[in-house]
Amino acid sequence: MPELPEVEVIRAGLAEHVVDRTLSDVEVLHPRAVRRYVPGPEDFRARLLGERVEAVRRRGKYLWLELDSGTAVLGHLGMSGQLRVQPAGTPDEKHLRVRMRFADGGDELRFVDQRTFGGLQVTDLRPTQGGQVPAEIVHIARDPVDPDFRAEDVVRALRARRSEVKRGLLDQSLVSGIGNIYADEALWRARLHGTCPTWRLTRKQGQVLFHAVAEVLDEALAAGGTSFDALYVNVNGRSGYFSRALAVYGRDGQPCERCAALIRREVFMNRSSYFCPTCQPRPRSSRRARGTPPHTARP
Ligand SMILES: [Zn+2]
């Protein structure tokens, strides 16, 4: 599953190749690739013909082409979906699902998806705070890489919750684009345990945490800045960042870079959480907080 850095690289690459071009033909080679578009493949094609691509946008891990009629093509990459730009006449990929041709006769945009968990759909744009977003993802909050992201607003919203810090970081309605790995790395940098109650977070701790989140994502973007061409070959969800630079994720039993205590792994929200038991002490009340209804957990 591609993470935010890969999706951003794809967005930038697509923007370079398809913006200001007009769609002249759309071929749906596998109906499953447009299954989320209820009116079906024929209608999908009809709605796109003659449309000009105005922009390629992203929110969290969602990507869409903004069209001049005010609609959009929303892409879900799923596990194996790829959006490729290929010179016209390039032999079809084995798992080519949708082909878009442009009026200028230049490079085609292709949606290739081996496992067909991903797909494309035509959708309407809805105004949200500071921008238009496909109707399906209006509930997805801005990500920390978004120029209009306001950390102080998110910190305020997080502190108003009766939850745990890591749960908040992974909640796409609060902040998007922070996967499990980034959450663990940012928590380690901010010296916070993931089960720290959100309502006990100080404003300062919140600032430190989101500064760490931004740092981790920026570094991942820089290190994972794989070229768009390389992504044609393989978008496998592992940027260069994942194999380098990780301080805690996947390092259980190894010494913490800061204090040499051994990194621990525990199960959290059905996934693994990694943390340093010394730098990120478990909050004393977290066991009680987990088992107590939110309204009574407030101190
Ligand atoms: Zn440590």
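All values derive from a computational prediction rather than experimental measurement.

How each quantity is defined
- Residues numbered from 1 in each chain as written.
- Predicted model: local features only at pLDDT ≥ 70, side-chain atom pairs only at ≥ 80, totals over all residues.
- Heavy atoms only, no water.
- Helix = DSSP H or I, 4+ residues; strand = E, 2+ residues; numbered from the N terminus.
- Buried < 20%, exposed > 50% of the residue type's maximum accessible area, 1.4 Å probe, protein only.
- Pairing = 2+ DSSP bridges.
- Axes fitted to C-alpha atoms, helices over the stretch in contact; angles between N-to-C directions.
- Contact = heavy atoms within 4.5 Å.
- Polar contact = N/O pair within 3.5 Å; in protein donor to acceptor, adjacent residues only side chain to side chain.
- Donors = N, O, S within 2.8 Å, 3.2 Å for Na, K, Ca; no water.

Caption draft 1: Fine view of unusual backbone geometry. Although it is not a glycine, aspartate 20 sits at a positive phi angle of roughly 70 degrees. Relative to the assigned elements, aspartate 20 resides in the loop between helix 1 (4-18) and strand 1 (23-28). In this model, methionine 269 sits at a positive phi of 50 degrees, which is unusual for a non-glycine residue. Tracing the sequence through the fold places methionine 269 in the loop between strand 10 (264-268) and strand 11 (271-275). Relative accessible area serves as the criterion here: at 32%, methionine 269 is assigned to the partly exposed category.

Caption draft 2: Broad picture of the sheet that holds strand 8 (residues 119-128). On the basis of which strands lie adjacent, the open sheet formed by five strands has the order 2-3-4-8-9 and antiparallel pairing. Looking along the sheet, the strands with just one partner apiece sit at the ends: strand 2 (53-59) and strand 9 (131-134). Along the sheet, successive strands turn relative to each other by an average axial angle of 35 degrees, direction set aside.

Caption draft 3: Local environment of the environment of histidine 139. In this fold, histidine 139 is placed in the loop between strand 9 and helix 3 (151-159). Residue classification places histidine 139 among the partly exposed residues on the basis of a relative accessible area of 48%. The spatial distance from the C-alpha of histidine 139 to the C-alpha of leucine 174 is 8.9 Å, given a sequence separation of 35 residues. Every residue in contact with histidine 139, bar those within four places of it in the chain, is listed here: Gln172 and Ser173. At 3.4 Å, the side chain of histidine 139 forms a polar contact with the backbone oxygen of glutamate 136.

Caption draft 4: The arrangement of the coordination of the zinc ion in detail. Within the protein, the zinc ion binds to Cys256 (SG), Cys259 (SG), Cys276 (SG) and Cys279 (SG); these donor distances fall in the range 2.2 to 2.3 Å. Donor residues for the zinc ion sit on one chain with the sequence pattern C-x2-C-x16-C-x2-C. Here cysteine 279 lies in the loop between strand 11 and helix 9 (286-291) and cysteine 259 lies in the loop between helix 8 (240-243) and strand 10, a separation of 20 residues in the sequence.

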